[in-house]
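For reference, the chains in residue letters:
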Amino acid sequence: MATIEHSEIVKAPPERVFDLLRRVEDFADYSDLIRSIDSLGENRYRWHVRAVGMDWSFDVVVTDIQPPHVLAWESLEGVKNQGRYQLRAVPEGTEVALTLHYEIRNRLMEKAVNKAAKPLVGKVSRQILDRVEARLNG
């Protein structure tokens, strides 16, 4: 299983950052690649994403909510993946660490995805956290 990690400091307290991250359907406001997110009820969401010239849809379920420190999810179909935001108070505000694990069963495809996924996930993660910070401080 491949892993992508990204962390960043958001200049706001963990409680305020978590409150925005917890509103999963609002992530479409935080990234140009996320077209929309539909709430399916019971902490399940359908994501509509435009990436690498293609439209993608996938369903996820939020699996762990520990305000204001942990928000975790996993896929229900499609590319097997699990993600986790870990929030920690630091003097500058909140360190937000994203860990994303994914598995692609086709080795050839996995190499291509690995090459594109790391910079793409890093870009989306930075964009989300920058826009969350702007909303909190704007």
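Here, the structure is the one placed above.
Cut-offs used in this document
Residues numbered from 1 in each chain as written. Predicted model: local features only at pLDDT ≥ 70, side-chain atom pairs only at ≥ 80, totals over all residues. Heavy atoms only, no water. Helix = DSSP H or I, 4+ residues; strand = E, 2+ residues; numbered from the N terminus. Buried < 20%, exposed > 50% of the residue type's maximum accessible area, 1.4 Å probe, protein only. Contact = heavy atoms within 4.5 Å. Core = buried A, V, L, I, M, F, W, Y, C linked by side-chain atoms within 4.5 Å. Phe/Tyr/Trp six-rings, centres within 6.5 Å; stacked < 30°, edge-to-face > 60°. Pairing = 2+ DSSP bridges. Axes fitted to C-alpha atoms, helices over the stretch in contact; angles between N-to-C directions. Salt bridge = Lys/Arg side-chain N within 4 Å of Asp/Glu carboxyl O.

(A) Seen up close, the overall build of the protein. Helix and strand counts for the protein stand at two helices and seven strands. Going from N to C terminus, the protein has its helices and strands arranged as β-α-β-β-β-β-β-β-α. Within the protein, the proportion of its 138 residues that are buried is 42%. Contacts in the protein between residues far apart in sequence, at least 24 positions, make up 47% of those at least 6 positions apart.

(B) Representation of the nonpolar core within the structure. The biggest cluster of nonpolar side chains holds 34 residues, and the ones touching the most others in it are Val17, Leu21, Phe27, Trp47, Tyr85 and Ile128. The leading source of residues in this core is helix α2 (residues 107-137), at six residues. Beyond its immediate chain neighbours, meaning those up to four positions away, Tyr85 contacts Leu21, Phe27, His69, Val70, Leu71, Trp73, Val96, Ala97, Leu98 and Ile128.

(C) Main features of the packing of aromatic side chains. What the rule picks out here adds up to five aromatic pairs. Aromatic pair Phe27 and Tyr85: ring centres 6.3 Å apart, planes at 50 degrees, arrangement tilted. With Phe27 in the loop between α1 (14-21) and β2 (34-41) and Tyr85 in strand β6 (residues 80-90), the pair connects residues that are 58 residues apart, well separated along the chain. Across the pair, Tyr85 and Phe27 agree in class, each one buried. What links up through ring pairs into an aromatic cluster is the set Phe27, Tyr30, Trp47, Phe58, Trp73 and Tyr85.

(D) Spatial organisation of the side chain of His6. Along the chain, His6 turns up in strand β1 (residues 2-10). Residue classification places His6 among the buried positions, given a relative accessible area of 14%.

(E) Focus on the sheet that holds strand β3 (residues 44-51). Spatial ordering of the open sheet is given by β1-β7-β6-β5-β4-β3-β2, a layout of seven strands whose pairing is antiparallel. Either end of the sheet is taken by a strand with one partner, and the two such strands are β1 and β2. Ignoring strand direction, the axes of neighbouring strands in this sheet form an average angle of 20 degrees. The pairing of β3 with strand β4 (residues 54-66) spans eight bridges and is classified as antiparallel. Note that in β4 the partner of Val49 across the bridge is Trp56.

(F) Just the pattern of salt bridges, in detail. The final tally for this structure, using the stated rule, is seven salt bridges. Asp29 serves as the salt-bridge partner of Arg135, at 3.6 Å between the closest nitrogen and oxygen. You can see Arg135 sitting in helix α2 and its partner Asp29 sitting in the loop between α1 and β2, a full 106 residues away along the chain. Overall, the relative accessible area of 42% leaves Arg135 in the partly exposed class. Notably, a salt bridge pairs Asp64 with Arg84, separated by 3.5 Å at the nearest N-O pair. Highlighted residues: Asp64 in strand β4 and Arg84 in strand β6, separated in sequence by 20 residues. The class of Arg84 is partly exposed, set by a relative accessible area of 32%.

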